[in-house]
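Results of the structural survey
Given next are the chains, with one letter for each unit.
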Amino acid sequence: MSTTARHDAWAAGEAYERYMGRWSRLVAARFLDWLAAPSGTAWLDLGCGTGALTQTILARCNPRSIIGIDPSEGFVAHARATTSDDRARFEVGDAQKLTLADASVDVAASALVLNFVPDRVAALRELQRVVRPGGLLSFYVWDYPGGGMGFMTAFWKAAIALDPNAAELGEGGRFPFCTPEGLAALCAESGLPSVTVAPIEIETRFPSFEDLWLPFTLGAGPAPGYCVSLPADKRAALKERLKRQVGGDGPVSFVARAWAVSVIRDQ
Ligand SMILES: C[S@@+](CC[C@H](N)C(=O)[O-])C[C@H]1O[C@@H](n2cnc3c(N)ncnc32)[C@H](O)[C@@H]1O
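Calculation notes
- Here the residue numbers are simple positions, counted from 1 along each chain's written sequence.
- Predicted model: local features are reported for residues with pLDDT of at least 70 only, side-chain atom pairs are reported and counted for 80 or more only, and whole-chain, interface and lining totals are derived from all residues.
- Hydrogens and water are ignored here; the side-chain numbers use all heavy atoms of the structure.
- Where helices and strands are cited, they refer to DSSP runs of H or I of at least four residues and of E of at least two residues respectively, numbered from the N terminus.
- The reference for a compact globule is 2.2 Å times residues^0.38; the radius of gyration itself is calculated from the C-alpha atoms.
- The cut-offs for exposure are 20% and 50% of the maximum accessible area for each residue type, with area from a 1.4 Å probe on protein chains only; residues under the lower value are buried, those over the upper are exposed, and the others partly exposed.
- Contacts were defined at the residue level, with two residues in contact if any of their heavy atoms lie within 4.5 Å.
- Surface exposure here means Shrake-Rupley accessible area, sampled with a 1.4 Å probe, where a residue is shielded only by the protein chains that are shown.
- Under the convention used here, Asp and Glu are negative, Lys and Arg are positive, and both His and the chain ends fall outside the count.
- One atom stands in for each charge, and that atom is NZ of Lys, CZ of Arg, CG of Asp or CD of Glu.
- Side-chain rings of Phe, Tyr and Trp, where Trp is taken by its six-membered ring, are said to pair if the distance between their centres is within 6.5 Å; with planes under 30 degrees apart they count as stacked, over 60 as edge-to-face, and otherwise as tilted.
- Throughout, near means a residue has at least one heavy atom within 4 Å of the molecule or strand.
- A 3.5 Å cut-off defines polar contacts: any pair of N or O atoms within that distance qualifies, except that in protein one atom must be a possible hydrogen donor and the other a possible acceptor, and neighbouring residues in sequence count only when both atoms are side-chain atoms.
- Three classes are used, and their members are as follows: Ala, Val, Leu, Ile, Met, Phe, Trp, Tyr, Cys and Pro are nonpolar, Asp, Glu, Lys and Arg are charged, and the others, Gly among them, are polar.

**Some details on the overall build of the chain**
When helices and strands are tallied, the chain shows 10 helices and 7 strands. The C-alpha radius of gyration computed for the chain amounts to 18 Å, which stays within 12% of the reference 18 Å derived for 267 residues, consistent with globular compactness. With the principal axes as the frame, the chain shows a C-alpha extent of 55 × 40 × 30 Å. Across the 267 residues in the chain, those meeting the buried criterion constitute 55%. Considering only intrachain contacts with a sequence separation of at least 6, the fraction spanning at least 24 residues in the chain is 77%. Only carbon and sulfur atoms are counted for the fraction: they give 53% of the accessible area of the chain, which is about 11200 Å². A distance of 2 Å separates the average location of the 26 positive side-chain charges in the chain from that of its 29 negative side-chain charges.

**Topic: the packing of aromatic side chains**
Within this structure, the stated rule accounts for 17 aromatic pairs. Residues Tyr144 and Phe175 carry aromatic rings whose centres are separated by 5.5 Å and whose planes lie at 50° to one another, so their mutual orientation is tilted. Taken together, the residues span a long stretch of sequence, with Tyr144 in the loop between strand 5 (131-142) and helix 5 (150-162) and Phe175 in the loop between helix 6 (171-174) and helix 7 (180-189) at a distance of 31 residues. Each member of the pair, Tyr144 as well as Phe175, is classed as buried.

**What to know about helix 9 (residues 222-229)**
Counting buried residues in helix 9 gives 6 out of 8 residues, a clear majority hidden from the surface. For helix 9, the elements touching its buried residues are helix 1 (13-35), helix 5, helix 6, helix 8 (209-213) and helix 10 (232-246).

**So, the site of the ligand**
Inspection of the region around the ligand gives 19 residues, with Tyr16, Ser24, Gly47, Asp70 and Ala111 positioned closest. At a separation of 2.9 Å, a nitrogen atom of the ligand approaches a polar backbone atom of Ala111. Considering the ligand on its own, with 590 Å² of exposed area, one finds that the protein chains cover 95% of that surface. Partitioned by chemical class, the residues of the shell around the ligand number 12 nonpolar, 5 polar and 2 charged.

Structure representation (structure tokens):
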């Protein structure tokens, strides 16, 4: 694991749901409207986490089957426990080396994952291998470099004001390729020369500052992982700084923008 990835904690499903799952479900719905995949098909949800995208696909897309794959045993257990649908199954696995057979799925989707995969080219090549010719390959990542993940940008701004060393841990600096041009270039390098890229936006609305702050104290994800690594006095100072920065006790709202990519696999 690289040093900047040391707080990428993906284990506790409930904590992840509180921090990100509640928003990733909203963006998943918008993404699926945009993707407009055919009904009755076999899906792969790569990096399924706690099951946010899988469950949204089951609810909206009438899949024939869906397999969710994620390296986190805790997240896979959460996804299994919260998905009661015979069409879905979940496996522990790695995007860089899938165990699925060649051309075994019609539609592959991956939500908010690719930036965390060390060898992204390998992951995209694996997706091309497992999607059948003429099938659909798609993914999305937050617009980190554009500051489009508003509440994370606010967190890191407050953190860096108190601890300049935190600058290297923020997703904006770690994942500069999460732009339309960067994603298109990554896809081209991976053998996908002509992809479609589009923005998907949601509002992340917190009824109170405490609702914004609490998930950072639960440790699931890079910013929460950093937050819980701080000693109590520094964490309290960060909380006060963030609260001042966002204007007090709330409510508070931010825009969250993802870049979605889709391409039809060569026939
Ligand atoms: C931000 S979460 C997104 C989870 C879920 N897709 C969602 O939309 O809520 C990032 C996910 O990427 C997964 N991940 C990290 N490295 C991975 C890899 N090499 N292969 C597959 N998934 C990976 C993590 O375990 C985590 O579940």
